Amino acid sequence: MDNFAQLEQLLTGRSPGRIAVAAAHDSHVLESVHDVWQKGYASPILIGDKEKIFAIADELQIDVSHMTIIKELEDRRAAEMAVNLVNNREADVLMKGALQTADLLKAVLERDKGLRTNRLLSHVGLYEINGYHKLLFITDGSINIAPDLKQKTDIVTNAITVARALGVKKPKIAVLAAGETVNPAMQPTHDAAALTLMSQRGQIKNCIIDGPLAMDNAINLEAAVHKGISSSVAGDADILLVPNIEAGNILVKALIFLSNARSCGIITGARVPLVVTSRAESSEAKYYSILLALAIHDQIC
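Residues numbered from 1 in each chain as written. Predicted model: local features only at pLDDT ≥ 70, side-chain atom pairs only at ≥ 80, totals over all residues. Heavy atoms only, no water.

## With respect to the overall build of the chain
Next, step 1: On a plain count of helices and strands, the chain comes out with eleven helices and eleven strands.
Next, step 2: Its C-alpha atoms put the chain at 60 × 40 × 30 Å along the principal axes.
Next, step 3: Expressed as a percentage of its 301 residues, the buried residues of the chain come to 54%.
Next, step 4: Accessible area of the chain: about 13700 Å², with a carbon and sulfur share of 48%.
Next, step 5: Across the chain, 30 positive and 34 negative side-chain charges occur, with their mean positions spaced 7 Å apart. (Helix = DSSP H or I, 4+ residues; strand = E, 2+ residues; numbered from the N terminus. Buried < 20%, exposed > 50% of the residue type's maximum accessible area, 1.4 Å probe, protein only. Areas by Shrake-Rupley, 256 points an atom, 1.4 Å probe, with all protein chains shown as cover. Lys, Arg positive; Asp, Glu negative; His and termini not counted. Charge placed at Lys NZ, Arg CZ, Asp CG, Glu CD.)

Printed below as a string of structure tokens:
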């Protein structure tokens, strides 16, 4: 896949999914949900301040009267209700509206009533970037702050699952660091080397991992050749694994705000995909995040 239009094509002809939106009284959220509903991709269940939802819909000139709307003014309770809809098999995807991410994840991770699995939660972003020849996955710039080797193994595994669900049968993964050699003073280079060896020995399956690789080598073959790097991943990465949340956050925001990259993303590792976008993200990013969640749901759940 090299553009978001192909992501949309994956849903053409499918039965509509069901999406539960916690604290749905947000203009970008309602706009994106309405677009998904209007195209027949999903049936939304809106939980939140009902009066605000209708007021925002009137302002946007969109019709939400045909959607299920559940009145709940308290954010944490709205998150719990959305989780319950998933647990009761009344929703396939969970989406964050106008509430704090922590409130939503608290409901998701509640031991007895949440959506826990034995997998680590991690964010997988998908980006359409001018100048790169295919869609690029980046993980994890949103959830795990300073992952150790075990956590990075789980993060990689989550990203592989998402990529394969979108048709990338054997994704190429570049483990990013500040350089291309193992440096005793830089732990990310040690982790990258270990992940590469784990892939070669079959401990991490269905992928090709190489690292440490600097950003230029991961996405530009000429740069890799110039540095004498021979790698099937260099210049052709499907997935970039960042060393920590700071690197990931800076990278994706630079792509979006300096390179005008189109973006979407989900949190995976729970029982269903979670659409947890920043309030600053556009309705388009939220729209494609919903499509991404719907597209992979049947494959990973």
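## Here's the deal with the pairing of strand 2 (residues 42-48)
Next, step 1: Most of strand 2 sits inside the fold, with six of its seven residues counted as buried.
Next, step 2: Pairing of strand 1 (residues 17-22) with strand 2 involves six bridges; the strand directions are parallel. Across the sheet, residue Ala20 finds its bridge partner in strand 2, namely Ile45.
Next, step 3: Pairing between strand 2 and strand 3 (residues 68-71): four bridges, direction parallel. When the sheet's bridge partners are listed, Ile47 is paired in strand 3 with Ile70.
Next, step 4: One crossover worth recording links strand 2 to the parallel strand 3 by way of helix 3 (residues 50-60), and it is right-handed. (Pairing = 2+ DSSP bridges. Right-handed = clockwise from strand over helix to strand, strands pointing away.)

## So, the packing of helix 2 (residues 27-38) against helix 3
Next, step 1: Following both chains from N to C, one finds helix 2 and helix 3 inclined at 70°, their axes separated by 10 Å at the closest point. In terms of their interaxial angle, helix 2 and helix 3 are classed as roughly perpendicular. In this structure, helix 2 contributes Ser27, Leu30 and Glu31 to the contact, and helix 3 contributes Ile53, Ile56, Ala57 and Leu60.
Next, step 2: Class assignment for the residues of the contact of helix 2 with helix 3 results in five nonpolar, one polar and one charged. (Axes fitted to C-alpha atoms, helices over the stretch in contact; angles between N-to-C directions. Parallel < 35°, antiparallel > 145°, perpendicular 65-115°, else oblique. Contact = heavy atoms within 4.5 Å. Nonpolar A, V, L, I, M, F, W, Y, C, P; charged D, E, K, R; others polar.)

## Overview of the nonpolar core
Next, step 1: With 58 residues, the main nonpolar core has Leu46 and Phe137 as its most contacted residues.
Next, step 2: When residues of this core are assigned to their parent elements, the largest contribution, ten residues, is made by helix 11 (residues 283-300).
Next, step 3: For Leu46, the residues in contact, after removing those within four places along its chain, are Val21, Ala24, Leu30, Val33, Ile53, Met67, Thr68, Ile69 and Ile70. (Core = buried A, V, L, I, M, F, W, Y, C linked by side-chain atoms within 4.5 Å.)

## Points about the packing of aromatic side chains
Next, step 1: Within this structure, the stated rule accounts for two aromatic pairs.
Next, step 2: Summarising the aromatic geometry, the rings of Phe4 and Tyr288 are spaced 4.9 Å apart at their centres and angled 50° between planes, so their arrangement reads as tilted. Of this pair, Phe4 sits in helix 1 (residues 4-9) while Tyr288 is found in helix 11, placing the two residues 284 residues apart along the sequence. Across the pair, Tyr288 and Phe4 agree in class, each one buried. (Phe/Tyr/Trp six-rings, centres within 6.5 Å; stacked < 30°, edge-to-face > 60°.)

## Re helix 4 (residues 75-87)
Next, step 1: Helix length check: helix 4, at 13 residues, gives a terminal C-alpha distance of 19 Å against a target of 18 Å (1.5 Å per residue), a fit within 8%.
Next, step 2: Along helix 4, the residues that are buried comprise Ala78, Ala79, Met81, Ala82, Val83, Leu85 and Val86.
Next, step 3: The inward-facing, buried residues of helix 4 contact strand 1, strand 2, strand 3, strand 4 (93-96) and helix 5 (101-109).
Next, step 4: For helix 4, the side-chain oxygen to backbone nitrogen distance between the N-cap and Arg76 is 3.2 Å, and the N-cap itself is Glu74.
Next, step 5: Positive phi appears at Arg89, one or two residues downstream of helix 4, with a value of about 60°. (Expected span 1.5 Å × (residues − 1). Polar contact = N/O pair within 3.5 Å; in protein donor to acceptor, adjacent residues only side chain to side chain.)

## Focus: the side chain of Asp92
Next, step 1: Looking at where Asp92 falls in the secondary structure, it is placed in the loop between helix 4 and strand 4.
Next, step 2: Apart from the residues lying within four places of it in its own chain, the contact partners of Asp92 are Gly17, Arg18, Val272, Pro273 and His297.

## Quick look at the pattern of salt bridges
Next, step 1: The final tally for this structure, using the stated rule, is 14 salt bridges.
Next, step 2: Arg18 is paired through a salt bridge with Asp92; the nearest N and O atoms lie 2.9 Å apart. Of this pair, Arg18 sits in strand 1 while Asp92 sits in the loop between helix 4 and strand 4, and the two are 74 residues apart along the sequence.
Next, step 3: Notably, a salt bridge pairs Glu80 with Arg77, separated by 3.6 Å at the nearest N-O pair. Residue Glu80 and its partner Arg77 are located together in helix 4, separated by three residues, close to a single helical turn.
Next, step 4: Each of Lys134, Lys172, Asp236 and Asp238 takes part in a single network of salt bridges with overlapping partners. (Salt bridge = Lys/Arg side-chain N within 4 Å of Asp/Glu carboxyl O.)

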